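# Analysis of the macromolecular model
So the chains spell out like this:
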Amino acid sequence: MSVPFSGTLRRSGGIVSAIGKQLKSINLKGVKRITVQFDPFAENVKSTREFFFLLSTPKVIQTNPKCVVKSDIVCDRQAASIKFALIDSAQEQAKVKEIRFNSGNLNTLELLELCNKHVSSLAPPEEVTNKVLTKAEKQKLGGGSKKALKKK
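Just so you know, these numbers come straight off a predicted model, no measurement behind them.

Rules used throughout
- Residues numbered from 1 in each chain as written.
- Predicted model: local features only at pLDDT ≥ 70, side-chain atom pairs only at ≥ 80, totals over all residues.
- Heavy atoms only, no water.
- Helix = DSSP H or I, 4+ residues; strand = E, 2+ residues; numbered from the N terminus.
- Rg over C-alpha atoms; globule rule 2.2 N^0.38 Å.
- Buried < 20%, exposed > 50% of the residue type's maximum accessible area, 1.4 Å probe, protein only.
- Areas by Shrake-Rupley, 256 points an atom, 1.4 Å probe, with all protein chains shown as cover.
- Lys, Arg positive; Asp, Glu negative; His and termini not counted.
- Charge placed at Lys NZ, Arg CZ, Asp CG, Glu CD.
- Pairing = 2+ DSSP bridges.
- Axes fitted to C-alpha atoms, helices over the stretch in contact; angles between N-to-C directions.
- Contact = heavy atoms within 4.5 Å.
- Core = buried A, V, L, I, M, F, W, Y, C linked by side-chain atoms within 4.5 Å.

Along the backbone of the protein there are seven helices and four strands. In sequence order, the protein lays out its α and β elements as α-β-α-α-β-β-α-β-α-α-α. Taking 2.2 N^0.38 as the reference for a compact globule, 152 residues should give roughly 15 Å; the C-alpha atoms of the protein span a radius of gyration of 24 Å, well beyond that estimate. Along the first, second and third principal axes, the C-alpha atoms of the protein reach 85 × 65 × 30 Å. In the protein, which comprises 152 residues, the share counted as buried stands at 29%. About 11500 Å² of surface is accessible on the protein, with carbon and sulfur atoms providing 55% of the total. Side chains of the protein carry 27 positive and 13 negative charges; the gap between the two charge centres is 17 Å.

Here it is in structure tokens:
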């Protein structure tokens, strides 16, 4: 008697691929300013520093070039925190002025998931730009060419 197969054929990509997947979906269009505050001598600060590094990568910055990413390094044994100051339209949608994560006991993947859940969802929808029409497309929409109009 055989045992039926259950499970996956491959292993998961691991924590690195999960971080990469979350990083691809970050959208900072609803954010004016990001302030990362941490004590470099605290025990659980590595994930906050990694998150700060990931926010400063070029692909994430391209989602909102006007967003300012700032670090506050303090030496008072406070827990690490990340503060997102929202733009006006996102403030109206969320009914808050800023979003704050206390990141002391969170790992990098959890910080990225929270960012996507609470911050990226507030990004305003992209505006559709007008497509440039070619001459042939204009003629199809206009009802024909000049020659066809002269024959009638």
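This is not the end of the story, as more comes after the structure.
A separate point is unusual backbone geometry. Backbone geometry places R77, a non-glycine residue, at a positive phi of 60°. Relative to the helices and strands, R77 is located in the loop between β2 (68-73) and β3 (81-86). Taking the relative accessible area as the measure of exposure, R77 reaches 61% and is therefore exposed.

This paragraph deals with the sheet that holds β3. Across the sheet, four strands lie side by side as β2-β1-β3-β4; this open sheet has mixed pairing. Edge positions in the sheet fall to β2 and β4 (98-102), since each has one partner strand and no second. Going across the sheet, the axis of each strand differs from the next one's by a mean of 15°, ignoring polarity. Its contacts with the sheet place helix α2 (residues 46-55) against β1 (31-38), β2 and β3, and it is angled at close to 150° to β1.

Membership of the largest hydrophobic core comes to 26 residues, with the highest contact counts inside it found for V31, I34, F51, I82, F84 and V119. Those elements giving two or more residues to this core turn out to be β1, α2, β3, β4 and α5 (108-118). Contact partners of I82, with chain neighbours within four places excluded, come to I34, T35, V36, T48, F51, I99, R100, F101, S103 and L111.

Mapped onto the fold, G20 is located in helix α1 (residues 15-24). Its relative accessible area of 28% is what places G20 among the partly exposed residues.

As a further point, take the side chain of T63. Looking at the secondary structure, you find T63 in the loop between α3 (58-62) and β2. When its relative accessible area of 19% is taken as the criterion, T63 is described as buried. Every residue in contact with T63, bar those within four places of it in the chain, is listed here: I26, N27, L28 and K29.

Our next topic: the pairing of β4. Burial along β4 is one-sided: the face carrying I99 and F101 is buried and the face carrying E98, R100 and N102 is not. Note that β3 and β4 share five bridges and pair antiparallel. Counted as the bridge partner of I82 is F101 from β4.

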